[in-house]
Amino acid sequence: MTTTICKMNNHAEERNQLCICLARIAKERDIKNEEKRERGEKTQQKLDIFTMPNHIKRLFGEFLKTPKYTELATLRGHTQSVCCLTFHENKLIFGSYDRTIRIWDGTQRETYELVATLRGHTRPVICLTLHENKLFSGSFEIIRVWDTETHELIATLNSHTGWIQCLTLHENKLYSGDSQEIRIWNIETYETIATLRRHTDYVSCLTIHKNKLYSGSGDNIIRIWNIETYETIATLSGHTDHLLCLTLHENKLYSGSWDTTIRIWNTETYEQIATLEGHTEVVICLTIHKNKLFSGSQDKSIRIWNTETYEEIATLRGHTESVSCLTIHKNKLFSGSQDKSIRVWKI
């Protein structure tokens, strides 16, 4: 396997060079002070910013600290669009249109090393999810199950008849969505438990909270299901075009759509609370960290929103094509794009 390492970006490199320069200055000053002492001359150690480390921190701390929303690194390796991503321990896992899954080691502070490439899918890898030591990947008609330690293929689930757009897990069940239906699998036996059919177009996104499954579809509808009885509890209408992404935080459901908006719903009353407008094209992906919502779009940007006030906080630009997936790990935002890259941002 060819080893690929992504190094720190220009900002981190400049910071590193500054630290080297400061260390050199300190060393030179120590030599000059020693020469002065030998000549019996007075030194200026107490006035020297290098006498104590916190002098440097006090004077240069803000410069040495990487600003929020700075792009820290760019990971490359996929030959086509990056479609999906997830984290397992300190390993970043991406699926791509190039039919591979690539695993990066993110244990180092400023570098990311490509440690494995999983091959086996014959069509693009559209979605990923994890349960303990198992990685599930969805593609056309096929879900593959991989061992996260050995990277070996464990099983193949093949009851779907179309593109598998989304995967999610709850307890010992895997939920997968494709053209108009949701399949539920036992993750120990890999047998189908049930099939839910109420959507009239492809099922694009799934998420689970408590005993409820939320599904978004190309029919512009969000359906809410009881995961014990598999009955429909409610339907949410408001989007004027296909649903693409869902995420949950506390008692709020966030949905992104081809209509360029993000809508926020109360998970108890099922009423729409707010609509976020700012993206100029399709909203493809959503994730939440603390009180911030991150949204990726076909307009090539990532927007950050306050989940209490619904105001836009910042816009991250760097990708040259659609932002297709987002995840957060250890105060860093990871974004995958159709430009074949993965970018790492400080948040």
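Since the structure is predicted, the reported quantities are computational estimates derived from the model, not experimental observations.

All right, on to the overall build of the protein then. When its secondary structure is counted, the protein shows 2 helices and 29 strands. Every one of the 347 residues in the protein was classed for burial, and the buried ones make up 53%. A fraction of 43% describes how many contacts in the protein between residues 6 or more apart in sequence connect residues 24 or more apart. In the form shown here, the protein has an accessible surface area of approximately 16,900 Å², with 45% of it arising from carbon and sulfur atoms.

So, about the pairing of strand 23 (residues 283–289). For strand 23, the buried fraction is high: 6 of the 7 residues fall into the buried class. Here strand 23 pairs with strand 24 (residues 292–297) via 6 bridges, running antiparallel. Directly across from Thr-287, in strand 24, lies its bridge partner Phe-294. Hairpin connection of strand 23 to strand 24: 2 residues between the antiparallel strands, including Lys-290 at a positive phi of 55°.

For the rest of this paragraph, the subject is unusual backbone geometry. Positioned with a positive phi, His-151 is a non-glycine residue whose angle comes to about 65°. Tracing the chain through its elements places His-151 in the loop between strand 9 (143–147) and strand 10 (153–157). Unlike most non-glycine residues, Tyr-230 shows phi in positive territory, near 65°.

Now for the pattern of salt bridges. Under the definition given, this model contains 7 salt bridges. In this structure, the salt-bridge partner of Glu-312 is Arg-303, at a minimum N-O distance of 2.9 Å. Glu-312 sits in the partly exposed class, given a relative accessible area of 33%. Taken together, the shared-partner salt bridges in this structure form one network comprising Glu-181, Arg-183 and Arg-197.

Turning next to the sheet that holds strand 22 (residues 272–276). Strands sit in the order 19-20-21-22 across an open sheet of 4 strands; the sheet is antiparallel. Strands with a single pairing partner mark the edges of an open sheet, and in this sheet they are strand 19 (243–249) and strand 22. With strand direction ignored, the average angle separating the axes of adjacent strands in the sheet is 20°. Bridge count between strand 21 (residues 262–266) and strand 22: 4 bridges; the pairing is antiparallel. Bridging from a neighbouring strand, Ile-262 pairs with Leu-276 of strand 22.

Spatially, 2-29-28-27 is the arrangement adopted by the 4 strands of the open sheet, whose pairing is antiparallel. Only two strands of the sheet have a single neighbouring strand rather than two, namely strand 2 (71–76) and strand 27 (323–329). Adjacent strand axes in the sheet meet at a mean angle of 20° when their direction is disregarded. For strand 27 and strand 28 (residues 332–337), the ladder comprises 6 bridges, and the chain directions are antiparallel. Paired with Ile-328 across the bridge in strand 28 is Leu-333.

Right, let's talk about the side chain of Asn-220 for a bit. Along the chain, Asn-220 falls in the loop between strand 16 (212–217) and strand 17 (222–226). At 3.2 Å, the side chain of Asn-220 forms a polar contact with the backbone nitrogen of His-242. Dropping the residues within four chain positions of it, Asn-220 is found in contact with Leu-236, His-239, Thr-240, Asp-241, His-242 and Leu-243.

The buried count for strand 3 (residues 82–88) comes to 7 of 7 residues, which makes it a mostly enclosed element. Examined bridge by bridge, strand 3 and strand 4 (residues 91–96) share 6 bridges and lie antiparallel to one another. Residue pairing in the sheet places Cys-84 in a bridge with Gly-95 of strand 4. Following strand 3, the chain reverses through 2 residues before pairing antiparallel with strand 4; Glu-89 in that reversal takes a positive phi of roughly 55°.

Next up on the list: the nonpolar core. Judged by nonpolar contacts, the single largest core of 26 residues is most densely connected at Ile-101, Leu-135, Phe-136, Ile-143 and Leu-174. Phe-136 has contacts with Cys-127, Leu-128, Thr-129, His-131, Ile-143, Arg-144, Val-145, Leu-167, Leu-169, Leu-174 and Ile-187, leaving out every residue within four places of it along the chain. Judged by nonpolar contacts, the second largest core, of 15 residues, contains Val-82, Phe-94, Phe-334 and Ile-342.

Let us now look at the packing of aromatic side chains. One pass over the structure, following the stated rule, counts 3 aromatic pairs. Their ring planes at 70° and their centres at 5.0 Å tell us that Phe-87 and Phe-334 sit as a pair that is edge-to-face. A residue pair is termed long-range when its members are at least 10 positions apart, and Phe-87 in strand 3 and Phe-334 in strand 28 qualify at 247 residues. A relative accessible area of 2% places Phe-334 in the buried class.

The exposure class of His-151 is partly exposed, given its relative accessible area of 22%. With residues up to four places along the chain from it excluded, the contact list for His-151 reads Lys-91, Ile-103, Ala-116, Leu-118 and Trp-146.

For the rest of this paragraph, the subject is the confidence of the model for the protein. Across the protein, pLDDT averages 89, with 88% of residues at or above 70. Taken as a whole, residues 1–8 scores under 50 in pLDDT and shows 24 contacts with residues more than four places along the chain or in a different chain.

Definitions and limits used
- Residues numbered from 1 in each chain as written.
- Predicted model: local features only at pLDDT ≥ 70, side-chain atom pairs only at ≥ 80, totals over all residues.
- Heavy atoms only, no water.
- Helix = DSSP H or I, 4+ residues; strand = E, 2+ residues; numbered from the N terminus.
- Buried < 20%, exposed > 50% of the residue type's maximum accessible area, 1.4 Å probe, protein only.
- Contact = heavy atoms within 4.5 Å.
- Areas by Shrake-Rupley, 256 points an atom, 1.4 Å probe, with all protein chains shown as cover.
- Pairing = 2+ DSSP bridges.
- Salt bridge = Lys/Arg side-chain N within 4 Å of Asp/Glu carboxyl O.
- Axes fitted to C-alpha atoms, helices over the stretch in contact; angles between N-to-C directions.
- Polar contact = N/O pair within 3.5 Å; in protein donor to acceptor, adjacent residues only side chain to side chain.
- Core = buried A, V, L, I, M, F, W, Y, C linked by side-chain atoms within 4.5 Å.
- Phe/Tyr/Trp six-rings, centres within 6.5 Å; stacked < 30°, edge-to-face > 60°.
- pLDDT = per-residue confidence, 0-100.

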